[in-house]
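Chain by chain, the residues run as shown.
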Amino acid sequence: MAKKLPKTDIVLAGVGWTGGIIAAELTKKGYKVVGLERGKERKTEDYLMVHDELRYQQRNEMMQDLSKETLTVRHDRSKRALPYRQHGSFLIGDGVGGSGEHWNGLTYRFFPYDFEIYSKTVERYGKDKIPADMPLQDWGITYNELVPYFEKFEAMAGISGETNPHPEVPEVKYPTVPLKETPSMKMFKEASKSLGYHPYIAPAATLSESYTNPDGISRAACQYCGFCERFGCEYGAKASPVVTVLPVAKETGNFEVRTHCVVRKVLHTNGKATGVLYVDTRTGEEYIQEADVVVVSAYALNNIRILLNSQLGSPYNPESGTGVIGKNYAYQMTSAASTGFFKEKEFNLYAGTGSLAGVIDDFNGDNFDHTDLNFIHGGNIALGHYGKRPISNNSVPKGTPTWGKEFKDESIYWANRSLSVGSQGSVMPNKENYIDLDPTYKDQFGDPLLRMTFNYKENERNQQKYIRDITTKILEEMGADIINSPGDQGDWDTTKYQTTHNTGGVIMGADPKTSALNNYLQMWDCENVFVPGASAFPHNSGMNPTGTVGALAYRAAEGIEKYLKTGGSLV
Amino acid sequence: MSEQEKNAPYLDKRSSRRTFIKNSGLTVGGVVLGGALGSLLSKDSTTQTHETGVHSTATAVNFNQALMYFDKTQFDTIDAAAEQIFPKTEVGPGAKELLIAFYIDHQLAGSWGLNSKEYMSGPFYPAEASSLFGHQTHLNRQQIFNLGIEALNSEAAKQYKAKFSEITAEEQVAILQAFEAGEVTLNGAVTSTYFFSLLKSATIEGAYADPLYGGNKDMAGWKMKNFPGHQMSYANIIEKDEFVKIEPTSLNSQHKH
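Keep in mind it's a predicted model, so treat the numbers as computed, not measured.

**Examining the overall build of chain B**
Part 1 of the reasoning: In terms of regular secondary structure, chain B is built from 10 helices and two strands.
Part 2 of the reasoning: Going residue by residue from the N terminus, the α and β elements of chain B occur as α-α-β-β-α-α-α-α-α-α-α-α.
Part 3 of the reasoning: Sorting the 257 residues of chain B into buried and exposed places 41% on the buried side.
Part 4 of the reasoning: Put simply, 57% of the contacts in chain B that link residues at least 6 apart link residues at least 24 apart.

Structure follows, in structure tokens:
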């Protein structure tokens, strides 16, 4: 029998960026918040030995232990899904701070077009532009409505950046100056400019200068140590929940974090949640934490899983297109990247930071005319200077053997002479890309694993062909001696790292028939449950999602306060 | 020192952090660099007085150079195979000199070899899984290496009537190519291609992982690739046009004062 604990105002299932933001905002207002985190406690001092590529990058030190819980994956409904037995295509974090500890820190705002993608596509190109199997939807909120929340997130994290010069993109003023520009970024900028594009330095959560945020939290400037993505920051220069929102919440005295506690279910009766059922994995005991508001803040994928295992909301049915939980799962595409090899130039590629990049948005969103193109949306194009580490950096010109003498000598020769121009390709929703529960495989408690049914569809494959020509063209303009241009986007490879930008499954919108959440991320079907995270995205854009996730979390925090005061549906 | 660095107050107001930074006592260019990289582990550990670290002299004994998992034949087989994947060339040392087979042995002995942080519950469908779905066998890496090594030697015996480690480099390469192409049948639920991919990635890791794992001897892998290893800051060089060569440092330096 699960032991019942005294009721609190708000319980969080997961203590990462979204849980942390909600904890900070609500505890400041005097509400009591209990955060349940399945992983361990984290602090900056943990990163004493962080410059260890094997441990953190190859062995995924900061990621979820898949022996306890994973998901199953397949390309389409006709196939049997197989377990995602090892980390590959994406990396799900755990521990206090969640993925917010090991992210790169690239902090964009999705475009005005993204939030009204259906209306704007129909308006500019007509209904026929949208394929029958693409459930494209507006988000139920506009960019302008979200601006104050973007600003809150950027001020809290101290985003370093410069205004995007593209005429279609709204101007943003960042709290700190852009990061330093490397010679290769300058080459990218000059080449892009001479091709008529609009390059700028990416907005970064790795501070360019020391900064004190509105909560009074001070952090130091980034040292460009080259160990950022997949690693924790030993300086606290990279904004993470552990060095920003969580200390603020703790200082109020209204926040309690219980680590090693896995939420199995949201408990509910008559359309109202009463609390959550969780297991303390150290004692093995089960508890019920009652609360007025339940926040499911466990990362996009786990959010879907908790709702499905709780039988909250109606599960999506790909056959009929009805139901919402698990609908519009989307991802991103990184296969349009080209690599250039420069004989005459050696770059300090061991140096860098996770969000140091030159970017263009000329082929992202609807910033270019799609009238004669066989796809919608696009992706950003960037030259990143993230710090290249020797186990994973072995770029060689096409045709070089993959092992043996020639490989060894070539991979060493080009290690500091090669640059990649990559793209984060957007992924549009498709009726056949969705998440449900696996009929066979179970987690450590015997609960069903998630089943992911996903593949890249025509829209993505066409987009990739278009973007890869541009990444190659930029490298030509930069003067690369040899260029590796990519082939076609094949079937989704679950083993090769692409991106941890998993989105959708608990999407927001204006209509309860086609969305799970309203624009406060409040569940239509259960008014005291809020589900922040990229699971709320009805499609995925061509840039990193965290800025938009953060803004929506601030919006949800406001919604929770309103709900606690007035009750009922907020829209 | 740049203006930015002069002005950067690395010490924030929170006292716990200040204490932490003070304890670390590490400076670069006169600026106290705080955070977790300061060496908190003091020199009180007596075991460190032996010359086992990366800064040891050429004559020092490397106590790490011993086997945790392989038997002698298995070790010799992997030592030879890894040398073909990452051979000694004019550019620098190969797998044998870098102690890559010791690295692989040590990795197999631990959680990597036992797949202990991976989902290993059945049912398994190795035959219907394409390579896009990764590891789909009930075998762990120890078992896969056992099967792979056995097959390397049985191929060598069949073709050349000798052990894999005794045949010529060209003969070894030809067998490894057949493994990579999936042309050899292993006596278990795994392909020779998958075994080869594990061996290849482990070999690269052994060349370039921090020497604390037993390979990359004397940081020679890093030196070849001009990778500086563990450094405090590149704030001074990030904008530089010319390539800056830095003598590498390993994580072992965190334990020394």
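Now that the structure is up, let's keep going.
**Digging into the sheet that holds strand E15 (residues 379–384) of chain A**
Residue and element names in this part refer to chain A.
Part 1 of the reasoning: Spatially, E5-E14-E15-E16-E13-E19 is the arrangement adopted by the six strands of the open sheet, whose pairing is antiparallel. Looking at strand neighbours, the two that pair on one side only are strand E5 (200–201) and strand E19 (482–484), the edges of this open sheet.
Part 2 of the reasoning: Relative to E15, strand E14 (residues 357–360) is paired through four bridges, and the arrangement is antiparallel. Paired with glycine 358 across the bridge in E15 is leucine 383.
Part 3 of the reasoning: Of the strands in this sheet, strand E13 (338–341), E15, strand E16 (418–425) and E19 are in contact with helix H10 (residues 458–477), which crosses E16 at around 150°.

**Side note on the environment of Asn416(A)**
Part 1 of the reasoning: With respect to the helices and strands, Asn416(A) occurs in the loop between helix H9 (405–414) and E16.
Part 2 of the reasoning: The exposure class of Asn416(A) is buried, given the 21 C-beta atoms found within 10 Å.
Part 3 of the reasoning: Spatially, the C-alpha atoms of Asn416(A) and Ile381(A) are 21 Å apart, while their sequence positions differ by 35 residues.
Part 4 of the reasoning: Beyond its immediate sequence surroundings of up to four residues, Asn416(A) is in contact with Glu346(A), Phe347(A), Leu349(A), Asn226(B) and Phe243(B).

**With respect to the interface of chain A and chain B**
Part 1 of the reasoning: Of the residues lining the interface, 61 residues belong to chain A; the matching set on chain B comes to 63 residues.
Part 2 of the reasoning: Those elements that place two or more of their residues in the side of chain A that touches chain B are helix H2 (53–58), strand E4 (82–83), strand E7 (218–219) and H9 of chain A.
Part 3 of the reasoning: Looking at which element gives the most residues to the side of chain A that touches chain B, the answer is H9(A), with four residues.
Part 4 of the reasoning: Counted by class, the side of chain A that touches chain B contains 23 nonpolar, 19 polar and 19 charged residues.

**Quick word on the UniProt feature "domain: Glucose-methanol-choline oxidoreductase C-terminal" (unreviewed entry) in chain A**
Part 1 of the reasoning: Using the residue numbers shown here, the UniProt feature "domain: Glucose-methanol-choline oxidoreductase C-terminal" (unreviewed entry) corresponds to residues 429–553 of chain A.
Part 2 of the reasoning: Between the end C-alpha atoms of residues 429–553 of chain A the distance is 22 Å, and the span holds 22% helix and 22% strand.

**Some words on unusual backbone geometry**
Part 1 of the reasoning: Here the residue pair Gly122(B) and Pro123(B) is connected by a cis peptide bond, since its omega of 0° sits within 30 degrees of zero.
Part 2 of the reasoning: Position of Pro123(B) relative to the elements: it lies in the loop between helix H6 (111–114) and helix H7 (141–160).
Part 3 of the reasoning: Phi is positive for Asn328(A), which is not a glycine, with a value near 60°.
Part 4 of the reasoning: Mapped onto the secondary structure, Asn328(A) falls in strand E12 (residues 327–330).
Part 5 of the reasoning: Phi at Asp218(B) takes a positive value of approximately 55°, unusual for a residue other than glycine.
Part 6 of the reasoning: Mapping Asp218(B) onto the fold places it in the loop between helix H9 (192–208) and helix H10 (220–225).

**What about helix H11 (residues 546–566) of chain A?**
Residue and element names in this part refer to chain A.
Part 1 of the reasoning: Taking 1.5 Å per residue as the helical rise, H11 with its 21 residues ought to reach 30 Å, and the 30 Å between its terminal C-alpha atoms agrees with that figure.
Part 2 of the reasoning: Within H11, 15 of the 21 residues are buried, which leaves it mostly tucked inside the rest of the structure.
Part 3 of the reasoning: Taken from the residues just after H11, glycine 567 is the one with a positive phi, measuring 70°.

**Here we look at the UniProt feature "domain: Glucose-methanol-choline oxidoreductase N-terminal" (unreviewed entry) in chain A**
Part 1 of the reasoning: Mapped onto this structure's residue numbering, the UniProt feature "domain: Glucose-methanol-choline oxidoreductase N-terminal" (unreviewed entry) falls at residues 177–331 of chain A.
Part 2 of the reasoning: End C-alpha atoms of residues 177–331 of chain A are separated by 31 Å, and the span's content is 19% helix alongside 28% strand.

**Considering the packing of helix H3 (residues 72–85) of chain B against H9(B)**
Residue and element names in this part refer to chain B.
Part 1 of the reasoning: Following both chains from N to C, one finds H3 and H9 inclined at 80°, their axes separated by 10 Å at the closest point. Relative to H9, H3 is oriented roughly perpendicular. From H3, Ala81, Ala82 and Ile85 reach across to H9, where they touch Leu199, Lys200, Thr203 and Gly206.
Part 2 of the reasoning: Tallied by class, residues from the contact of H3 with H9 come to four nonpolar, two polar and one charged.

**Looking at the pairing of E13(A)**
Residue and element names in this part refer to chain A.
Part 1 of the reasoning: In E13, alternate side chains face the same way, and those of Ser338 and Gly340 on one face and Thr339 and Phe341 on the other are all buried.
Part 2 of the reasoning: Pairing analysis gives four bridges linking E13 to E16, with the strands arranged antiparallel. Within E16, the residue paired with phenylalanine 341 across the bridge is serine 418.
Part 3 of the reasoning: Looking at chain direction, E13 and E19 are connected through three bridges and run antiparallel. Across the sheet, threonine 339 pairs through a bridge with asparagine 484, a residue of E19.

**Brief notes about the sheet that holds strand E17 (residues 434–442) of chain A**
All names here are of chain A.
Part 1 of the reasoning: Strand order in this open sheet of four strands is E4-E3-E18-E17, and the pairing throughout is mixed. Each edge of the open sheet carries a strand with a single partner, namely E4 and E17.
Part 2 of the reasoning: As defined by bridge partners, strand E3 (residues 71–74) adjoins E4 across two bridges and the pair is classed as antiparallel. Residue pairing for E4: valine 73 is matched across the bridge by leucine 82.
Part 3 of the reasoning: Along the sheet, helix H8 (residues 300–310) makes contact with E3, E17 and strand E18 (448–453), crossing E18 at roughly 125°.

The rules we used
- Residues numbered from 1 in each chain as written.
- Chains lettered and ligands numbered in written order.
- Predicted model: local features only at pLDDT ≥ 70, side-chain atom pairs only at ≥ 80, totals over all residues.
- Helix = DSSP H or I, 4+ residues; strand = E, 2+ residues; numbered from the N terminus.
- Buried ≥ 20, exposed ≤ 12 C-beta atoms within 10 Å, placed from the backbone.
- Contact = placed C-beta atoms within 7 Å.
- Pairing = 2+ DSSP bridges.
- Axes fitted to C-alpha atoms, helices over the stretch in contact; angles between N-to-C directions.
- Nonpolar A, V, L, I, M, F, W, Y, C, P; charged D, E, K, R; others polar.
- UniProt positions renumbered as here; feature names shortened; annotations may be inferred.
- Expected span 1.5 Å × (residues − 1).
- Parallel < 35°, antiparallel > 145°, perpendicular 65-115°, else oblique.

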